[in-house]
Amino acid sequence: MSDERLLKIAIKLVGLLDKQADQTLPRAIADVVKTHSKLAVGSAWIPVPGLDAIAGATTIWTMYTRINGKLGVSLKDNVLKTIASGVATNLASYAAMTGAASALKFIPFVGSLGGAVIMSASLYAITLASGWVYLKALCALAEKSGPELDMSQLGDAVKEVLKDSSIKSFINEAKSEYKK
């Protein structure tokens, strides 16, 4: 279900940016989000507490950069980092167990294994949701300013999207999808 929602929002974004002629672009954007969600799972298996979270955050930041590249949107690195950390921080509240799972890694072997298992689903869901939030924010910008996105308003667009109550259901959907 979350795959369908990602593709739907990617199609909307491409249409709003007047790039409808490229039929493969929405799938490519959705695939970027899904690929980075899988990479985030890999970061859960880093045995060093804290380093796993840094790797997960880097995965999200890189995902935004790749989405922008697909869309031909330029954005200063410092703005992108701010948006990435803001989205990840807000979404982390939905998956607070990730921090506890990372702390489990202080217990040799059993803790590392248990922490990684618990973190995997959470990081997958948070990364998918981060991509979805970012795409929705870009859509909101495109609806306001047309195909020439006013990226200076991206922070405000992200804040608006984060108020949406459907984010929690999206994260829960993604977690159950990961478990399958």
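Residues numbered from 1 in each chain as written. Predicted model: local features only at pLDDT ≥ 70, side-chain atom pairs only at ≥ 80, totals over all residues. Heavy atoms only, no water.

Q: Tell me about the packing of aromatic side chains, and please be specific about residues and values.
A: Inspection of the entire model under this criterion finds one aromatic pair. Just above the ring of Trp132 sits the side chain of Arg5; from NZ or CZ to the centre is 4.9 Å. (Phe/Tyr/Trp six-rings, centres within 6.5 Å; stacked < 30°, edge-to-face > 60°. Lys NZ or Arg CZ within 6 Å of the ring centre and 35° of its normal.)

Q: Explain the packing of helix α2 (residues 25–44) against helix α3 (residues 51–71) to me, and be specific about the residues and the numbers.
A: Running from N to C, α2 and α3 point in directions that differ by 170°, and their axes come no closer than 9 Å. By the angle between their directions, the pair α2 and α3 is classed as roughly antiparallel. Of α3, the residues touching α2 (which contributes Leu25, Ala28, Ile29, Val32, Val33, Thr35, His36, Leu39, Ala40 and Ser43) are Asp52, Ala55, Gly56, Thr59, Thr62, Met63, Arg66, Ile67, Lys70 and Leu71. The residue inventory of the contact of α2 with α3, partitioned by class, reads eleven nonpolar, six polar and three charged. (Axes fitted to C-alpha atoms, helices over the stretch in contact; angles between N-to-C directions. Helix = DSSP H or I, 4+ residues; strand = E, 2+ residues; numbered from the N terminus. Parallel < 35°, antiparallel > 145°, perpendicular 65-115°, else oblique. Contact = heavy atoms within 4.5 Å. Nonpolar A, V, L, I, M, F, W, Y, C, P; charged D, E, K, R; others polar.)

Q: Go over α2, please, and point to the residues and values.
A: Compared with an ideal rise of 1.5 Å per residue, which puts 20 residues at 28 Å, α2 spans 29 Å between its outermost C-alpha atoms and is within 8% of the ideal. Those residues of α2 that sit buried are Leu25, Pro26, Ile29, Ala30, Val32, Val33, His36, Ser37, Ala40, Val41, Ser43 and Ala44. (Expected span 1.5 Å × (residues − 1). Buried < 20%, exposed > 50% of the residue type's maximum accessible area, 1.4 Å probe, protein only.)

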